[in-house]
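So the chains spell out like this:
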Amino acid sequence: MKHDHFVVQSPSAPAKQLLLLFHGVGDNPVAMGQIGSWFAPLFPESLIVSIGGVEPCGPTGRQWFSVQGVTEENRQQRIDAIMPTFIETVRFWQKESGVGPQATALIGFSQGSIMALESTKAAPGLASRIIAFNGRFATLPTKASTATTVHLIHGGEDSVIDLAYAVSAQEALMQAGGDVTLDIVDELGHAIDDRSMQFALDHLRFTVPKHYFDEALSGSKPQDDDIIELM
């Protein structure tokens with residue numbers, strides 16, 4: 001399928017993990033690719049691709065949906081309208097790389113995080129990990145699966161997407177039986193800094209997904225193709 005993208009890293013051997021990055025409104029995949037460069041040294045066997053939104057926004061930017069006139073009432077409708085394309089894009093790169101959902105991570109900032117988080121409602125199990133920098137749900141989930149581990153990372157002083165949305169997301173996912181962490185970056189606004197990145201890198205490397213424990217309790221063996229082998 002044709003879409004705007006930037007390949008941050010393509011391993012010489014078949015990829016073992018797939019990391020897809022999604023930017024915010026008015027940004028572009030090349031700029032968001034700089035975030036991907038933080039992951040590359042630690043995941044040398046990963047295909048890392050920064051994906052552009054479907055619509056132009058500004059002179060060089062893109063977006064998944066327009067924020068002009070967006071409200072709490074119409075945000076979900078706008079997301080639902082474009083979500084099939086978002087899901088199709090993720091599945092395209094999974095097929096292209098030969099990497100399944102169990103070894104796929106979706107990494108978003110702002111609107112990119114919104115799309116990644118909302119995909120857990122529209123297509124459960126689409127990816128094993130979600131890294132959501134300064135994002136939110138359009139409407140809070142009432143169901144959740146431990147097949148996807150959600151890592152919320154949010155600036156404590158974010159004036160664009162208030163920290164309260166991340167707190168509410170964590171509470172809703174926990175209540176629904178999901179697998180979620182929340183890290184608050186003190187004195188940070190609507191941005192990603194080195195502290196945010198360290199949280200993200202540490203979670204991908206060291207946080208054991210809850211489904212591993214569920215599988216252990218049930219007597220089954222954890223999948224060895226998860227985003228990073230821990231067991």
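1. A look at the side chain of Q76
Alright, step 1. Along the chain, Q76 falls in helix 2 (residues 75-97).
Alright, step 2. The contact partners of Q76, leaving out residues within four places of it in the chain, are E118, K121, A138 and T139.

2. A word on the pairing of strand 6 (residues 104-109)
Consecutive side chains of a regular strand alternate in pointing toward one face of the sheet and then the other.
Alright, step 1. Within strand 6, 6 of the 6 residues are buried, which leaves the element mostly enclosed by the surrounding structure.
Alright, step 2. Neither face of strand 6 is open: one carries T104, L106 and G108, the other A105, I107 and F109, and all of them are buried.
Alright, step 3. Of the pairings in the sheet, the one linking strand 2 (residues 17-22) to strand 6 comprises 5 bridges and is parallel in character. From the neighbouring strand, F22 faces strand 6, where its bridge partner is G108.
Alright, step 4. Relative to strand 7 (residues 129-133), strand 6 is paired through 5 bridges, and the arrangement is parallel.

3. Let's talk about the packing of aromatic side chains
Alright, step 1. Taken as a whole and judged by the stated rule, the model has 4 aromatic pairs.
Alright, step 2. The interplanar angle of 85° and the centroid separation of 5.3 Å between the aromatic rings of F92 and W93 together place this pair among those described as edge-to-face.
Alright, step 3. Every member of this aromatic cluster is reached through a ring pair, and the members are F22, W64 and F86.
Alright, step 4. Of note, R136 hangs over the ring of Y165, and the distance from its end group to the ring centre comes to 3.9 Å.

Rules used in this analysis
Residues numbered from 1 in each chain as written. Predicted model: local features only at pLDDT ≥ 70, side-chain atom pairs only at ≥ 80, totals over all residues. Heavy atoms only, no water. Helix = DSSP H or I, 4+ residues; strand = E, 2+ residues; numbered from the N terminus. Contact = heavy atoms within 4.5 Å. Buried < 20%, exposed > 50% of the residue type's maximum accessible area, 1.4 Å probe, protein only. Pairing = 2+ DSSP bridges. Phe/Tyr/Trp six-rings, centres within 6.5 Å; stacked < 30°, edge-to-face > 60°. Lys NZ or Arg CZ within 6 Å of the ring centre and 35° of its normal.

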